[in-house]
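The residues making up each chain are set out below.
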Amino acid sequence: MPPDAPSEFMRAALEEARLAVGRVSPNPAVGAVVVRDGRIVGRGHTQPPGQAHAEVMALLEAGDEARGTTVYVTLEPCSHHGRTPPCTDALIAAGVAAVSYSIQDPDERVSGSGVQALRDAGIEVAEGDGASEAIRINEGFLKHRFTGLPIVIAKFAASLDGRIAASSGDARWVSGEEARAWAHDLRTQVDAILVGSNTVLQDDPHLTARPGGVLADRQPLRVVIDGAGRLSSLARVFDEAARTVLITTAHTRPDWRANFPPHVEVVVLPAGEDRRHVHLGALLTYLGERDVLTLLVEGGGELLGAFFDQRAVDRLYTVIAPVIVGAVEAPSAVAGEGASVMRDAPRLRNPSVTRLGDDVLFEGIPIWPPPADRTNSEG
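We now turn to the structure provided with this report. Numbering of residues begins from 1 in every chain and follows the order in which that chain's sequence is written. pLDDT decides what is reported in this predicted model: residues at 70 or higher carry local features, side-chain atom pairs at 80 or more are listed and counted, and totals for whole chains, interfaces and linings draw on all residues regardless. Derived side-chain values reflect all non-hydrogen atoms in the structure, with water molecules and hydrogen atoms excluded from consideration.

## Brief notes about helix H3 (residues 87–94)
A 1.4 Å probe rolled over the protein chains alone gives each residue an accessible area, and that area as a share of the maximum for its type sets the label: buried under 20%, exposed over 50%, partly exposed in between. A run of DSSP states H or I qualifies as a helix once it reaches four residues; a run of E qualifies as a strand once it reaches two. Both are numbered from the N-terminal end. Inspection of H3 places Cys 87, Thr 88, Leu 91 and Ala 94 among the buried residues, and these make up the whole buried set. Buried residues in H3, looked at end-on, bunch into an arc of 135°, giving them a common side. Looking one or two places after H3, you find Gly 95, whose phi comes out positive at around 75°. Working definition: the arc comes from the directions between the helix axis and the C-beta atoms, pointing outward to the latter.

Now the structure itself:
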């Protein structure tokens, strides 16, 4: 067992937290269990914004049995009045004896004050159980609290030779049915999906989350970048199946921007140095300001290349299909400037590999090499 493996009861709390992923943003996904005499008497996870937090849900299930128990929770209990009362008040009122939490809440309204409120009430407090998994579950929330920016998850499906479509542009389907089902489940866990105009022109995607082939109740925000004003308002991504934001620049025609239906938000952001593309820094700042914690970038290759060139990718999912496309004209998964020498190419830290039918899923965190020292470059 790894040295940082969570305890039995914290594992149960982490399982509860996973039930909240993709459903409670911009709140963190938190799980809690109430334990008496070695058995769980209450379970709970964060409900959608404005509703009860994990600790309150677990205490409600425990009822009168909560007094004198230990509560395991994946994030420091909140101590401030927001849309709901403080969880620390609920824990104190329930008469719990101890609280074990995984990680401190970085929110300045909570950080450390939740622990202090519990200790002032005579409740024993311990930190660190299940920390690694708790961080992973809430990596978007944590990054947003520290930087104001969303976590950027890049995802693409490619052939063995790195192509995302045939030379004609046909991309249906690179990956198999199981991989596509996994992708729709992933969409239910994020706040927003981002694609470029080339993807819309080539594939005309819906960009909705359809796990099991059914439109999910909660849909991620669809974000489309078009810095050149090329897209038609009739594209499927602009229907009313989910909220959509069209990001463009002031260099596009005003009449084109005004041609989209009222349910599509058209947002003008600064252009990059080439005046053709949206500035990625401005885009991420904008999304962070509207409480997007997790951003899934689905392509195409030019957009993914821009994110990699800016070292703006926090996590990568790559589905590799057992097919060879060939053809110089076939689009690659990641374009952009890229690495001129191999030592400048990012590698994945501790990549995990999962079979999805005949396809293989690689997942990992890109590790960016230090900037090249041109004075000592190889000859």
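## Looking at the nonpolar core
Ranked by internal contacts, the top residues of the largest apolar core, which has 40 residues, are Val 33, Val 34, Leu 59, Tyr 72, Leu 91, Val 96 and Val 99. Membership of the second largest hydrophobic core comes to 31 residues, among which are Ala 158, Leu 194, Val 297 and Phe 307. In these notes, a set of buried Ala, Val, Leu, Ile, Met, Phe, Trp, Tyr and Cys residues joined through side-chain atoms within 4.5 Å is what counts as a nonpolar core.

## A look at the packing of aromatic side chains
Stacked, tilted and edge-to-face pairs are distinguished by plane angle, under 30 degrees for stacked and over 60 for edge-to-face with tilted covering the rest, among Phe, Tyr and Trp rings (Trp via its six-membered ring) whose centres lie within 6.5 Å. Within the structure shown, the criterion is met by 5 aromatic pairs. When the ring of Trp 182 is compared with that of Tyr 317, the centres are 5.3 Å apart and the planes differ by 65°; the resulting orientation is edge-to-face. In this pair, Trp 182 is assigned in helix H7 (residues 177–187) and Tyr 317 in strand E12 (residues 315–321), connecting sequence segments 135 residues apart. Residue class for Trp 182 comes out buried when judged on its relative accessible area of 18%. Given a relative accessible area of 8%, Tyr 317 falls into the buried group.

## Concerning the sheet that holds strand E2 (residues 39–45)
One bridge is not enough; two strands pair if DSSP finds at least two bridges between them. The strand order E2-E1-E3-E4-E5 describes an open sheet built from 5 strands, whose pairing is mixed. Of all the strands in the sheet, just E2 and strand E5 (124–127) have a single pairing partner and so form its edges. Ignoring which end each strand starts from, the neighbouring axes of this sheet average 15° apart. Taken together, the 4 bridges between strand E1 (residues 31–36) and strand E3 (residues 70–75) define a ladder with antiparallel strand orientation. Across the sheet, residue Ala 32 finds its bridge partner in E3, namely Val 73. All axes are obtained by fitting lines to C-alpha atoms, using only the stretch in contact for helices, and the reported angles, taken between N-to-C directions, cover 0 to 180 degrees.

## Looking at unusual backbone geometry
For residues besides glycine, phi is generally negative; the peptide bonds are generally trans as well. With omega at 10°, the peptide bond leading from Ser 25 into Pro 26 counts as cis. Counting through the fold element by element, Pro 26 comes out in the loop between helix H1 (8–20) and E1. Backbone torsion omega between Gly 299 and Gly 300 reads 10°, so that peptide bond is classified as cis. Considering the arrangement of structural elements, one finds Gly 300 in the loop between strand E11 (294–299) and helix H11 (301–309). A positive phi angle, near 45°, is found at Asp 204, a position not held by glycine. Residue placement: Asp 204 occurs in the loop between helix H8 (197–203) and strand E8 (221–225).

## Section: the sheet that holds strand E9 (residues 244–248)
Spatially, the 9 strands line up as an open sheet ordered E10-E9-E8-E7-E11-E6-E12-E14-E13, and their pairing is mixed. In this open sheet, the two edge strands, each paired with only one partner strand, are strand E10 (264–268) and strand E13 (347–356). In this sheet, neighbouring strand axes are inclined to one another by 20° on average, regardless of whether the strands run parallel or antiparallel. Here E12 pairs with strand E14 (residues 359–367) via 5 bridges, running antiparallel. Bridged to Thr 318 within E14 is Phe 362. Packing of H7 onto the sheet brings it into contact with strand E6 (151–159), strand E7 (192–196), E11, E12, E13 and E14, and relative to E12 it is tilted by some 160°. By definition in these notes, contact holds between two residues if any of their heavy atoms fall within 4.5 Å. Where helix H10 (residues 280–289) meets the sheet, its contacts fall on E6, E7, E8, E9, E10 and E11, and the angle it forms with E9 comes to roughly 150°.

## Some remarks on the packing of helix H2 (residues 54–62) against H3
Where H2 meets H3, the closest approach of the two axes is 9 Å, and the angle between their N-to-C directions is 25°. Here H2 is positioned roughly parallel relative to H3, judged by the angle of their axes. Taken as a pair, H2 and H3 cross one another with a handedness that is left-handed. Contacts between H2 and H3 pair Glu 55, Val 56 and Leu 59 from the former with Cys 87, Ala 90, Leu 91 and Ala 94 from the latter. By residue class, the composition of the contact of H2 with H3 is 6 nonpolar, no polar and 1 charged. These descriptions rest on fixed angle ranges, namely under 35 degrees for roughly parallel, over 145 for roughly antiparallel, 65 to 115 for roughly perpendicular, and the rest for oblique. Handedness of a helix crossing follows the sense of rotation of the near helix relative to the far helix, less than a right angle counterclockwise being left-handed and clockwise being right-handed. Residue polarity is assigned by list, with Asp, Glu, Lys and Arg as charged and Ala, Val, Leu, Ile, Met, Phe, Trp, Tyr, Cys and Pro as nonpolar; anything else, Gly included, falls into the polar class.

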